[in-house]
Each structure stands twice: as C-alpha cells, then as structure tokens.
Amino acid sequence: MIRQITHQGFILGILCMIICFASVICAVAEERGKNFTGQADYYFSLDNGSLINEGVENIRKGDNDNAQMALSVVVKRYMQNPDDSDGKGYAIQAYYNLGILHSTHMLDYNKAYRYLKTALKIAEEDSNIYRLAYIHTALANLYSA
C-alpha cells in the first residue's frame with residue numbers, strides 16, 4: 001500500500017514538473033513573439049536607406065534573423081511598387097545583401113543564388129553597371145564555393 005502511494009506521488013511530481021516546464025516554455029515563446037512583432041513594426045517605420053544600413057550592420061554583427069527581416073521589408077516594398085526608380089536601387093541592394101547573407105552566413109547556396117539572380121535581373125533592367133559588377137562578383141564567388 002505504501003509502495004503504491006509512493007509510486008502515485010512520484011508520478012504526480014513528474015506531471016507537475018512537466019506542467020511547470022511547459023508553462024515556462026510558453027511564457028518565453030510569448031515574449032519572443034512580442035519582441036518579433038515589435039522589431040517588425042520598427043523596421044516598417046524606417047525608410048529604405050536605413051533598412052539597408054540596418055541589414056548590413058546586422059549581417060556584420062551575425063544577427064541573421066534581424067538582417068533578413070530588415071532587408072525583406074525593402075524587398076516587400078519593391079514588390080508592391082516595382083516601377084519606383086528609387087525602390088529599384090534599394091531592391092537591388094537588398095537582394096544582393098540577402099544573397100551575401102545566405103551564401104556566407106547561413107550557407108544556403110540555393111537561396112543565395114535566387115537572391116543574387118533577382119538582384120542581377122533588376123540591375124540589368126535598370127542598366128545599373130556598377131551594381132551589375134558587384135552582383136556578378138558575388139555570383140562568381142558563389143560558384144567557386
């Protein structure tokens with residue numbers, strides 16, 4: 001009888017620990033979700049030039065998630081208005097930096113290739129010779145990886 005009560009107490013203790021652990025995980029996830037939403041709101045409030053600078057700085061710091069978020073806002077704005085000439089220049093930079101991020105930090109060469117090819121396509125349409133040069137260089141480095 002005592003053995004059975006001890007066994008039930010042990011199981012009850014384990015269940016309490018699991019519930020406590022699950023509640024801690026949920027609280028942490030909820031807080032991270034708030035931080036993510038706040039960061040996204042912050043990035044949407046910035047102009048494209050500031051977003052490019054934030055993205056590049058985050059790449060330098062190794063903050064891949066925030067770099068990708070900042071640069072993706074520029075891409076989203078370009079996709080909403082692809083005829084904006086200023087937006088094209090920023091989109092080329094954003095796609096280029098996303099390609100660099102994925103090729104050198106995240107090691108996802110397929111995504112890097114897609115981002116760089118998109119930057120190349122926009123730069124060709126825009127006849128932007130300077131940007132074409134550094135995009136081709138990045139693609140060459142990707143091929144040699």
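Throughout this description, residue numbers start from 1 for each chain and increase along the sequence as written. Reporting in this predicted model follows two pLDDT cut-offs: at least 70 for local features of residues, and 80 or more for side-chain atom pairs to be given and counted; totals over whole chains, interfaces and linings ignore these cut-offs and use all residues. To get the side-chain values, take all heavy atoms of the structure and skip hydrogens and water.

Caption draft 1: Region of the structure containing the nonpolar core. In this description, a nonpolar core means a group of buried Ala, Val, Leu, Ile, Met, Phe, Trp, Tyr and Cys residues linked to one another through side-chain atoms lying within 4.5 Å. Partly exposed describes any residue whose relative accessible area lies between the buried limit of under 20% and the exposed limit of over 50%, with all areas from a 1.4 Å probe on protein chains only and scaled to the type maximum. Counting residues in hydrophobic clusters, the biggest one holds 34 residues, and the most contacted among them are Tyr43, Leu51, Tyr95, Tyr96 and Ile135. Where helices and strands are cited, they refer to DSSP runs of H or I of at least four residues and of E of at least two residues respectively, numbered from the N terminus. Going through the elements one at a time, helix H1 (2-44), helix H2 (48-61), helix H3 (64-80), helix H4 (85-105), helix H5 (109-125) and helix H6 (129-144) are the ones with two or more residues in this core. It is H3 that contributes the most residues to this core, 8 residues altogether.

Caption draft 2: Local environment of the confidence of the model for the protein chain. In the predicted model, the protein chain carries a mean pLDDT of 82, and 74% of its residues have values of at least 70. Here H1 stands out as the element of the protein chain with the lowest mean pLDDT, 58, in contrast to H5, whose mean of 95 is the highest. Scored below 50 in pLDDT, residues 26-35 makes 0 contacts in the model with residues more than four places away or belonging to other chains. What pLDDT expresses is the predictor's confidence in each residue, scored from 0 to 100. Contacts: residue pairs with any heavy atoms within 4.5 Å of one another.

Caption draft 3: How the structure looks around the packing of H3 against H4. Taken N-terminus to C-terminus, the directions of H3 and H4 make an angle of 150 degrees; their axes are 9 Å apart at the nearest point. Between H3 and H4, the crossing angle belongs to the class labelled roughly antiparallel. In terms of crossing hand, the pair formed by H3 and H4 is left-handed. Between H3 and H4, the residues in contact are Asn64, Ala67, Gln68, Leu71, Val74, Val75, Tyr78 and Met79 and Gly87, Lys88, Tyr90, Ala91, Ala94, Tyr95, Asn97, Leu98, Leu101, His102 and His105, respectively. Each residue belonging to the contact of H3 with H4 can be placed in one class, and the counts come to 12 nonpolar, 6 polar and 1 charged. What counts as an axis is a line fitted to C-alpha atoms, over the stretch in contact for a helix, and the angles between N-to-C directions run from 0 to 180 degrees. Here the word oblique covers every angle except those under 35 degrees (roughly parallel), over 145 (roughly antiparallel) and from 65 to 115 (roughly perpendicular). Two helices that cross are described as forming a left-handed crossing if the nearer one is turned anticlockwise from the farther one by less than a right angle, and a right-handed crossing if clockwise. When residues are grouped by polarity, Ala, Val, Leu, Ile, Met, Phe, Trp, Tyr, Cys and Pro land in nonpolar, Asp, Glu, Lys and Arg in charged, and all others, Gly among them, in polar.

Caption draft 4: Examining H2 more closely. One less than the residue count of a helix, multiplied by 1.5 Å, gives the span that helix is expected to have. With 14 residues, H2 should reach 20 Å at 1.5 Å per residue; the first-to-last C-alpha distance of 20 Å fits that figure. Taken together, the buried positions of H2 are occupied by Asn48, Gly49, Leu51, Ile52, Gly55, Asn58 and Ile59. The positive-phi residue at the C-terminal boundary of H2 is Gly62, with phi of around 85 degrees.

Caption draft 5: Representation of the environment of Asp126 within the structure. Mapped onto the secondary structure, Asp126 falls in the loop between H5 and H6. Using a relative accessible area of 29% as the deciding quantity, one classes Asp126 as partly exposed. Along the chain, Asp126 and Gly89 lie 37 residues apart, while their C-alpha atoms are 8.2 Å from each other. Setting aside its immediate chain neighbours within four residues, Asp126 contacts Lys88 and Ile92.

Caption draft 6: Fine view of the environment of Tyr109. With respect to the secondary-structure elements, Tyr109 resides in helix H5. Exposure remark for Tyr109: the relative accessible area of 39% places this residue in the partly exposed category. Sequence separation between Tyr109 and Leu142 is 33 residues, and the spatial gap between their C-alpha atoms is 7.3 Å. Tyr109 has contacts with His102, Ser103, Leu142 and Ala145, leaving out every residue within four places of it along the chain.

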